[in-house]
Amino acid sequence: MNSNNNYNNDSSSEDDLQVYETLTKIAPANELLPRKLTIDIDVKSLYPLKPLPKFCKTYTTFFEESSQRECLIPDIQVSDENRTLLDYYEENKQNLVYKRFDQLDLGKRTSNDRTYFASLLANFKRTQPRVFFRGEALFDQKLTPCTSEQIQFDSNFESGNLFCAFKKAENIYDLVIQNDINTRGNTQWFFFSVTGAKAGQTIQFNILNHLKTGSLFNEGLQPAVYSVKENQLVGTEWCRDGFNISYFKSIFMKEYPLSLKKKYYQLRFHYTFKHEGDKVYFAHSYPYTYTNLLEFLNTQLEDQERNQYLSRKVLCTTLGGNTCEVLTITSNSLQKRAFRKGVVFLARQHPGEPQGSYVMQGIIEFLTSNNPQAEYLRQNCIFKIFPMMNSDGVVNGNYRCGLEGSDLNRRWKKPNKYLHPSVYYAKKYVKGFSKERQILLVVDLHGHSRKQSSFVYGCAYSSQVKTIERVFALLMSKVNPFMDYSSCTFRVESAKDKTARIQLWRELKINWVYTYECSFYGQQKKHYQIKDYLNCGVSICNALSQIVKDTTKEFTNQANQPDIQQQMLEELGKMPQTDDQDIGSDSSQSEAELSDDELVQLFQPKTYSIKQKNLSKQQETNNKKKIQQPNSNQKSTIASQKASVLQESPTKNQEQKPPMSSQKPKNPLYRIQAPQRNRQLDQVKQVEPPLMVDKSVQTDDWIYRQWLIQMGKLKKQQEFQSITPTRNIYKSSSQSVTRFIVKNSTMKNDRGRVDSISLMASGLQNKLISSSQQRQMMRYSGSNFMS
Ligand SMILES: [Zn+2]
C-alpha cells in the first residue's frame, strides 16, 4: 500500500485505506468472480437449424477490394400492375427450386388467411412455441420437396434468411427473403448458401422484396461472400464480392397495407463461382451469430489473464428461451471502487446489424487485455455490457425485430416484462446501476444501411449551441479514423422517442448517451473489414480513457494536464453552425407490425401477469353470468385480452416528464431550464439512501456500496462531517466536489484551477444549489465536472 504519502495530504485516501484494510479482513458479501465462468452453448431456435462452418478464425486475411465496379440501375419499367409475391408464386411455382422448410406449402391459402407471403407466425401460447405458415402448423405439414436442381440453396442455419428461390432463366434466380417472425415485413437482411455451381459459372441473383427505399448497394457496397473452398485453399474468410450490383424499385407490391400500393425494392447482383463443388455463403454483412458470441465470451472467460476482470450474469431469458447475458468488467482491486464511474455498452438490439457485435467484441477484447490503457480504465470505471439484446432475432435470422414482432429499440419507454424481457430487465438494471454510481457514458451499437462511415446519434436540447453532449462524440471521432463527426446528429426526434438513447438520456440525465452507427459499407468507397469494426470498439475505449480522470492517483498529478473537455468545447465553439439534418434516417416502418387482434392470437395474456390473470378470470365469470348478451360479452373479452397483451408493464418511476418544447428559445440557458428543475427535484428525492433499490438489480457494487455505507455510519461519520461537510457517498456527483475541496486545501500552486474550485466550493456552501446545477454551471464554464 502506498499509504504514507496519501495519509499526509489526502484525507479521503486515509478513509479509503481504512476501508480497504477492513475489507481485506471481511469476505465480500457477494463472490465477485464465480469459479464456473463459461457459458453452456445452448441455442434455441424456432425451427431446426444446421451448424455453420467456423467463420472468422483470424481477422487479418482480408484483402482490399480495389477493382472498380460500375453501378448500373437497370431500366426496368415500374408498371402500375398490382402484383404481389403470391401472384408471382402462382405464375412461377413450377420454377420453385428452394423453400426454407421443405414442409412449406407456399400455395396454400385458407379462406380467412391473415398471413402474408413470407411471414412465419410463431405462437407463444404453449410452452414450446409453434411456427405457423399461412394458417398451418409448420412442421405438421406434408413434405413436398423441391424439384432437384443443379444449383442448391440453403438458409436453414443460424441467422440464415432466405425464404424461397425460383429459377427464372438459365443462371438467373429470383429470391424472396423472409419477413421477421411475427411481422409482415422488415425484410433487408439476407444470409444463404449456394452449392452445385461449376467453376467459372456466373449467376445473377435477384432479391425481390427488400424493405428500404435506398441502399448503399447503389454506391458501391457488395454482398459479403464466404467461399468454403477458397477458405480451405487460400484461407480467405468473409470478403466483399459480386459485380453488376444494383438496387431499385421492384415490380411487386407490399402485401400490407395493400391499399397503399407500395412497392418492394429489389437487389440484383452477379457472382462468378471460382471452384467446382464449392459452397458459397452470401450475406448483407459479415454475419455474427449468437453462437459466435457465446464462443467468444467463453474464450474470454477461460483465459486466466482476462477472466480476473470479467464476470457474467444471466440478465433474463428471452421469449425464445435463449439467455441475455450481462457482463461486468472492472479492476478486481477494491481500492477506490466507490469512486469508479459507470459505463454501459449495448449491442444487437437489431439482429440484422452484425457490425454492432464486432464493435462490441473489440471493446470487450480491449477492456480485458493487459494494455495499460485498459488497466487504467478498469481502475476508474465499472463497465456493464449487454452484448446481445436480441439473441432470438439473431438466431432466427430477423432483420429488425424480436420474436414478438416489434423493434426492441422502440420499446424503451415502457417495455413489457413478458414481450420484451431483455429491454425490461436491461433498463431496470441500468437504472439500478445509476443509483449506485454516476454513469458517464452509454453507447448502443448499431449498423447503418444507408450512410457511409461510422458516426453517432446523440441527444441535445439544441441543434445549434454546442454543449457538453457533443464533447465525447468529437473526442471519439478524433481518435477513430473510421468515425466522421460531420455525420453525427444530436437531436431528440419524436419518431425515436422510445429508443434506448432518448429514454436513458431523459430518465437518467446522462449527457453522453449515444447510438453508435457503423456503415454496412465503409468509407470513401472502401469496404469496412471485420478488423475495422473491432478497431472502432478499441477507439471508443481510447477516447474514454482520455476523459476519465484517475481516481487512484493524487489530484496534483493531473491538475497540470490540459483539460480535454475544455479543449473539445472550445473546438466545438469554433465549428460552423449546422442544423444537424439527418439525411437518410434508418428508422423502421411500424406498419409491418401485427395488428392488436393478431397479437392476441399469438401471445397468451395470462402467462405473464397474475393481476391480469385474476382480472380476466373475473371478467370471464362475469361474462358467463350475462349469457343473455353474447355479442357484447365476446367483444369485451377480446378487448380485455387485447388490453392485457398490449399493456406495457408499469415502471416504478412513473414520474411524468414534461414534454419537450417544440419551440426553440434563443437563449441556450433558458432552454435547459425545464430539465434543470427536474434534476433539482430528483436531487431532493435522492436524499434517502439507495436501500430502496430493487433486489433483482442488486449488483456486486451495490452490496459493496451498502457495506461502505455501514462502515461510514459506524466509524467515519463525524470525521467525514468535520472534514467535508457534504461528503455523501451515495451521490457520485458530489465526489468530485469533495476532491476539489481536498485539493484546494492541500494545493497551493495550482492557480489555473482556482476558479472552478471556488465555484464548486461556493456552490457547496449554498445548499440550495444542487450538484446538477453545478454541472450546468460547469457546462458553460467549461470545467471538468466529471473529473
Ligand atoms: Zn439499428
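This one's a predicted model, so the numbers in the text were calculated from it and none came from an experiment. Residue indices follow the written sequence of each chain, beginning from 1 at its first position. Given that the model is predicted, a residue must reach a pLDDT of at least 70 before its local features are reported, and side-chain atom pairs must reach 80 or more before they are shown or counted; all residues, however, enter totals for whole chains, interfaces and linings. To obtain the side-chain values, all non-hydrogen atoms of the structure were included, while hydrogens and water were left out.

### Some remarks on the UniProt feature "active site" (unreviewed entry) in the chain
Here's step 1: Within this numbering scheme, the UniProt entry marks Glu517 as carrying the feature "active site" (unreviewed entry).
Here's step 2: Per the convention used, a helix needs a DSSP run of H or I reaching at least four residues, while a strand needs a run of E reaching at least two, with both numbered from the N terminus. Tracing the backbone shows glutamate 517 in strand β22 (residues 512-519).
Here's step 3: The buried label goes to any residue with under 20% of its type's maximum accessible area, the exposed label to any with over 50%, and the partly exposed label to all in between, with areas taken from a 1.4 Å probe on protein chains only. Of the residues examined, glutamate 517 reaches a relative accessible area of 6% and is grouped as buried.
Here's step 4: By definition in these notes, contact holds between two residues if any of their heavy atoms fall within 4.5 Å. Sequence-distant contacts of glutamate 517, that is, excluding residues within four places in its chain, are made with His446, Gly447, His448, Ser453, Ser454, Phe455 and Tyr457. UniProt positions are given in the numbering used here, feature names are shortened, and annotations may be inferred rather than shown by experiment.

### Some words on the sheet that holds β22
Here's step 1: Strands are treated as partners if at least two bridges between them are detected by DSSP. Spatial strand order, β15-β16-β18-β17-β19-β22-β20-β21: 8 strands in an open sheet with mixed pairing. A strand with exactly one partner marks an edge of an open sheet, and here the two such strands are β15 (310-317) and β21 (489-490).
Here's step 2: As paired elements, strand β17 (residues 341-347) and strand β19 (residues 439-448) share 6 bridges and run parallel to each other. Bridge pairing in β19 links valine 344 to valine 442.
Here's step 3: Sheet strands touched by helix α6 (residues 355-367): β16 (323-329), β17, β18 (381-386), β19 and β22. Its angle to β19, the strand with the most contacts, is close to 140°. Think of each axis as a best-fit line through the C-alpha atoms, taken over the contacting stretch in the case of a helix, with angles from 0 to 180 degrees between the N-to-C directions.

### Remarks on the pairing of β19
Here's step 1: For β19, a buried count of 10 out of 10 residues is recorded, marking the element as mostly surrounded by other parts of the structure.
Here's step 2: Relative to β22, β19 runs parallel, the two sharing 8 bridges. Among the inter-strand pairings, leucine 445 is bridged to a residue of β22, identified as tyrosine 516.

### With respect to the coordination of the zinc ion
Here's step 1: Protein coordination at the zinc ion: the donors are His350 (ND1), Glu353 (OE), Glu353 (OE) and His446 (ND1), at 2.0 to 2.6 Å from the metal.
Here's step 2: The donor set covers N, O and S atoms within 2.8 Å of the metal, switching to 3.2 Å for Na, K and Ca, and it leaves out water, so a site may look short of donors. Within one chain, the residues donating to the zinc ion are spaced in sequence as H-x2-E-x92-H. Residue histidine 350 is found in the loop between β17 and α6, and its partner histidine 446 is found in strand β19; the two are separated by 96 residues along the sequence.
Here's step 3: Judged by relative accessible area, which is 3%, histidine 350 ranks as buried.
Here's step 4: Overall, histidine 446 belongs to the buried group, its relative accessible area being 2%.

### Quick notes on the packing of aromatic side chains
Here's step 1: Stacked, tilted and edge-to-face pairs are distinguished by plane angle, under 30 degrees for stacked and over 60 for edge-to-face with tilted covering the rest, among Phe, Tyr and Trp rings (Trp via its six-membered ring) whose centres lie within 6.5 Å. The final tally for this structure, using the stated rule, is 46 aromatic pairs.
Here's step 2: Taken together, a centroid distance of 6.1 Å and an interplanar angle of 50° make the contact between phenylalanine 153 and phenylalanine 192 tilted. Note that phenylalanine 153 is positioned in strand β5 (residues 152-154) and phenylalanine 192 in strand β8 (residues 191-195), a separation of 39 residues in sequence. Taken individually, phenylalanine 153 and phenylalanine 192 each receive the classification buried, so the pair is uniform in this respect.
Here's step 3: Here the aromatic rings of tyrosine 226 and tryptophan 238 are separated by 5.5 Å at their centres, their planes lie at 45°, and the arrangement is tilted. Of this pair, tyrosine 226 sits in strand β10 (residues 224-227) while tryptophan 238 sits in the loop between α4 (228-234) and β11 (239-240), and the two are 12 residues apart along the sequence.
Here's step 4: Charge-over-ring placement is defined geometrically: NZ (Lys) or CZ (Arg) within 6 Å of the ring centre, and within 35 degrees of the ring normal. For arginine 240, the ring lying beneath its charged end belongs to tyrosine 286, and the centroid distance is 4.8 Å.

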